[in-house]
Amino acid sequence: MDLRLSLAALLLFVSVTTQHAQAQEKASEKASEKAGASRSEIVVRGEYLARAGDCIACHTAPEGRLFAGGRAMPTPFGTLYTSNITPDRETGIGKWTAEDFYKTMHNGRFPDGGLIYPAMPFASYTKVTRADSDAIFAYLRSIPPVSQKNRPHDLRFPYDNRQLILGWRTLFFTEGEYKPNPDKSVEWNRGAYLVEGLGHCGMCHSPINALGGTSQSDAFKGGLIPMQNWYAPSLTSNREAGLGDWSIKDITDLLQTGVSMRGVVYGPMAEVVHNSLQYLSDEDTKAMAVYLKSISEPTPPPPPSSTLPTTEGSLLISLGKTVYDARCASCHGAQGEGKPPHWPPLANNQSIEMQSAVNPIRMVLNGGYPPGTKGNPMPYGMPPFAGLLSDNEVAAVVSYIRTAWGNRGTPVSGREANELRSAPLN
Amino acid sequence: MLARYWVPAAVAALHLTASNVAAAQDLNQAPDTMAARVEACTPCHGNKGEGTNDVYFPRLAGKPSGYLYNQLLAFRNGRRKYPPMNYLLEFLPDPYLQAMADYFAEQRPPLPPPGATDASQQTLQHGQSLVTRGDPVRQIPACGSCHGPALTGMEPGIPGLLGLRPNYISAQLGGWRYGTRTAKSPDCMQMVAARLTEEDVTAVAAYLATRPAPVNSAPAPKGTYVLPFACGSEPD
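In short, a report on the structure. Treat the numbers as computed from the prediction; the structure is a model and nothing was measured.

Further remarks concern the environment of V43 of chain A. Residue and element names in this part refer to chain A. Here V43 is to be found in helix α2 (residues 41–52). Take V43: its relative accessible area is 3%, and that puts it in the buried class. Sequence-wise, V43 and F137 are 94 residues apart; in three dimensions their C-alpha atoms are separated by 8.3 Å. When residues no more than four places from it in sequence are discounted, the contact partners of V43 are A138, Y139 and S142.

Now the structure itself:
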């Protein structure tokens, strides 16, 4: 583009933005007067909803001030830095109106029209109602303002060109609030609203293609989380994390406390339970459970068998049993029955059997703690075995637990175990 | 009359049933102990926090609880960087980290016998001089002036220096020198380490590893001696 032309465009842009900001300033002053000094009902509700949306996970940096942003978000396209959403007038959203906030959540554009990178889950937040958006905004207006400038993103060419987001939006973004399904119960619709909207579960639990998008037909079908190398299982397949044959109580236990009789959350899901789900009311948690249980689909045909030659597989599995009996059986039981909820069962545990073996391999290598929650403040931890077991031993023991006791997983190779030794840990 | 006998009997029967149920549950449940809860720590730090063969993983047992708690917080918050630790602790609440610190602080497995050293006599003498006397010219206080004359530390925040391998000590002093390990301000350990040379670090680490265990390896009670300067890790 011609330099003069782009300069002219930039100047025009700046002047338009300034006028816009001044108009907003007046409106937001009115809004904050209305909000009042005490924690009104709407602020309390907004805090609850902000937790349901897990805003804190991204908009608060480690040891940073609440909602002041600056958290690095590594993506395949470079590193994004989250923004300051405190009511600071210069560096935060202090000049925004409730209308600006709703439009941003709903449409993925800043008040000045600028495009937001879809790491911000606006494709989910678009489903949030105006009333809920206003409540979250009222809450954000009530927290202490922090003067902290947003750090510019560090994206590689060509992803540093925000215009590319237009293409992404055309392919993957559908604007629109959640529309209740009249054939379903109020409870089911509440669960769907939370899971698909504020909960933005699909951000991880759907496969992400090379363009960083998810097509709607693939929603909740599971996928490897980019950069983190954890596998977010399908929420629709009972072979993965589909909850079709779970009781409602086991689902709500898992979501609220991080542990259940069927399994335990670790890794990125531990973050979600820790920062968000543990704070949800019993009613909302149950609504999510009802919805999640309902979206599981009939079990698909068994996954393709392992590429490992059979003899190699059986050698691995016999070594695996030796490792298991020595290292794992004292907690997980000789028959993989575990001592739930704290020492999860491995027999008939979908997260062990699913086609991707990434999570069980990582658990053996790195161990892990479920989150400390109100319902489970002192969780039990899985020891990391990276330093005690060779690649082959890791592969062997994972192959064993994936195939023993009627489990229908496939063996894994030492190479797969080796590759995950260098997976990022946090 | 009958009722009077009947009530205690019923209570006793109830009690019996309750304890039977509890016992039966115990078999199918993880034991309700800290030892079971911190098993995730043991592959690297030993069953009682005594350390393992891996020279880079420190002994935890018997260090002051306040020190251990500060380290757990620092790892959880990402201030002290070691990804396997940062990952394990990321979503654990403060009171639980305090309970973990208390647990390892209470453990008293014996200190290991001093290891053989291949350091020269000159290096060991230099190490001894820094540990016991410091270097006033370079404003380096003696290690013992904070970590105690017996080098067993002081409650609540100053760790003992015995039972640690030279590799661990030099790696940590290196971390302080280069600013990859930091503590609450005023960060006294960072100030001291910044004045040390490579040779100083090697000498201090080698000398410390040759020290035999004292009869009482417990940290000194809070306020036993006055620190040479203010230290954020050891609040007044």
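Picking up where we left off.
Applying the stated rule across the entire model yields 21 salt bridges over all chains. E419 of chain A is the partner of R415 of chain A in a salt bridge, and the nearest nitrogen-oxygen pair spans 2.8 Å. Note that R415 of chain A and E419 of chain A are positioned in helix α18 (residues 414–420) at a spacing of 4 residues, about one turn of the helix. On the accessibility criterion, E419 of chain A (44% relative accessible area) is partly exposed. Residue D32 of chain B is joined to R37 of chain B by a salt bridge in which the shortest nitrogen-to-oxygen separation is 2.9 Å. For D32 of chain B, a relative accessible area of 64% corresponds to the exposed category. In this structure, a network of salt bridges that share partners links the residues E99, K103, R130 and D134 of chain A.

Let's shift gears to the nonpolar core. Y324, I361, Y369 and V394 of chain A together with L97 and M100 of chain B are the most contacted members of the largest nonpolar core, which totals 85 residues. By size, the runner-up hydrophobic cluster in this structure holds 45 residues, among which are W96, I136, Y139 and L198 of chain A.

Bringing the sheet that holds strand β3 (residues 154–155) of chain A into the picture now. All names here are of chain A. Strand order in this open sheet of 3 strands is β1-β2-β3, and the pairing throughout is antiparallel. Lying at the two open borders of the sheet, with one neighbouring strand each, are β1 (72–75) and β3. Sheet topology places strand β2 (residues 78–81) next to β3; 2 bridges connect them, and they run antiparallel. In the strand pairing of β3, T79 is matched with D154.

Definitions and limits used
Residues numbered from 1 in each chain as written. Chains lettered and ligands numbered in written order. Predicted model: local features only at pLDDT ≥ 70, side-chain atom pairs only at ≥ 80, totals over all residues. Heavy atoms only, no water. Helix = DSSP H or I, 4+ residues; strand = E, 2+ residues; numbered from the N terminus. Buried < 20%, exposed > 50% of the residue type's maximum accessible area, 1.4 Å probe, protein only. Contact = heavy atoms within 4.5 Å. Salt bridge = Lys/Arg side-chain N within 4 Å of Asp/Glu carboxyl O. Core = buried A, V, L, I, M, F, W, Y, C linked by side-chain atoms within 4.5 Å. Pairing = 2+ DSSP bridges.

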